[in-house]
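Observations on the three-dimensional arrangement
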Amino acid sequence: MAIRAEYLGMGLTVDDPDVENLEYFRHCSEHDFHLQACVQCGRLRYPPTTACPWCATLESTWKKVEGKGAVHSYSEVHHAIQPAFRGKTPYLILLVDLDTQKGEPTSDEALRVIGNLCTPDGQLAPPELVRQVGIGTRVRMVFSDVAPGLSLPQWTIDETAAQPASVWRYPQE
Ligand SMILES: [Zn+2]
């Protein structure tokens, strides 16, 4: 079943999400973050997929995962291609290492979940918040409600976490 909605004033259509994505977004719409856990090796995976990327087992169960982590990398957008985002620049696209399963199965790996930097109520963050965030910033998950049944997992600065003394940002920003 297609989802049609409006996001930032633009029309949005999600055509026929598959089984894994339907379940993933059903949890997100309840502001709950769940990932698939492989029944064979037990590892979580992101994004939702049909088979385990490590052992190819098809069966999985959904497991609630804590939405906390640290910024692994980011992109700061100053020139929005999509007109709906022009009034929102600069905005951040964050790639976040979840604390859960970090360093598994090798020390270089993590569950890396993408999302925008937002305010705690799920709106795109203003420039003064954008400037505070870089690689290493501790963040927590929030949700942006787009339409009934569709909420996007996003990130905000974790006010309760101990933040690093400094975070890495591109020098020209
Ligand atoms: Zn597996």
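Keep in mind it's a predicted model, so treat the numbers as computed, not measured.

Think of it this way: four donors in a tetrahedron around the metal ideally sit 109.5 degrees apart, and six in an octahedron ideally sit 90 or 180 degrees apart. Every protein donor of the zinc ion is accounted for by Cys38 (SG), Cys41 (SG), Cys52 (SG) and Cys55 (SG), and the metal-donor separations fall at 2.3 to 2.4 Å. One can describe the donor arrangement at the zinc ion as tetrahedral, given that its four donor atoms subtend angles of 100 to 123° at the metal.

Moving on: the nonpolar core. In terms of nonpolar packing, the biggest core is built from 24 residues, with Phe33, Leu35, Leu94, Leu98, Leu117 and Trp155 touching the most fellow members. At the level of secondary structure, the elements contributing two or more residues to this core comprise helix H1 (19–29), strand E3 (34–38), strand E6 (68–77), strand E7 (91–98), strand E9 (138–147) and strand E10 (150–157). When residues of this core are assigned to their parent elements, the largest contribution, four residues, is made by E7. Residue contacts for Leu98: discarding those within four places in its chain leaves Phe33, Leu35, Val65, Glu66, Lys68, Gly69, Leu111, Val113 and Trp155. Counting 15 residues, the second largest nonpolar core, distinct from the first, contains Ala5, Ala84, Val142 and Val146.

This brings us to the sheet that holds strand E8 (residues 112–116). Strand order in the open sheet made by the five strands is E8-E7-E6-E9-E10, with antiparallel pairing throughout. Of all the strands in the sheet, just E8 and E10 have a single pairing partner and so form its edges. The average angle at which neighbouring strand axes cross in this sheet is 35°, direction not considered. As defined by bridge partners, E9 adjoins E10 across eight bridges and the pair is classed as antiparallel. Note that in E10 the partner of Met141 across the bridge is Trp155. Of the strands in this sheet, E9 and E10 touch H1, which is tilted by about 60° from E10.

Relative to E9, E6 runs antiparallel, the two being bridged by three bridges. By the bridge assignment, Lys68 is partnered in E9 with Arg140. As paired elements, E6 and E7 share eight bridges and run antiparallel to each other. Bridge pairing links Ala70 to Asp97 in E7.

What follows concerns the packing of aromatic side chains. Applying the stated rule across the entire model yields seven aromatic pairs. Aromatic side chains Tyr7 and Phe85 sit 6.5 Å apart centroid to centroid with 65° between the ring planes, which places their arrangement in the edge-to-face category. Of the two residues, Tyr7 sits in strand E1 (residues 3–7) while Phe85 sits in the loop between E6 and E7, which places them 78 residues apart along the sequence. An aromatic cluster is built from Tyr24, Phe25, Phe33 and Tyr46, whose rings are joined through pairwise contacts. Sitting above the plane of the Trp54 ring, Arg43 keeps its charged end 5.7 Å from the centroid.

Rules used in this analysis
- Residues numbered from 1 in each chain as written.
- Predicted model: local features only at pLDDT ≥ 70, side-chain atom pairs only at ≥ 80, totals over all residues.
- Heavy atoms only, no water.
- Donors = N, O, S within 2.8 Å, 3.2 Å for Na, K, Ca; no water.
- Tetrahedral: all angles 85-135°; square planar, octahedral: opposite > 155°, others 65-115°.
- Core = buried A, V, L, I, M, F, W, Y, C linked by side-chain atoms within 4.5 Å.
- Buried < 20%, exposed > 50% of the residue type's maximum accessible area, 1.4 Å probe, protein only.
- Helix = DSSP H or I, 4+ residues; strand = E, 2+ residues; numbered from the N terminus.
- Contact = heavy atoms within 4.5 Å.
- Pairing = 2+ DSSP bridges.
- Axes fitted to C-alpha atoms, helices over the stretch in contact; angles between N-to-C directions.
- Phe/Tyr/Trp six-rings, centres within 6.5 Å; stacked < 30°, edge-to-face > 60°.
- Lys NZ or Arg CZ within 6 Å of the ring centre and 35° of its normal.

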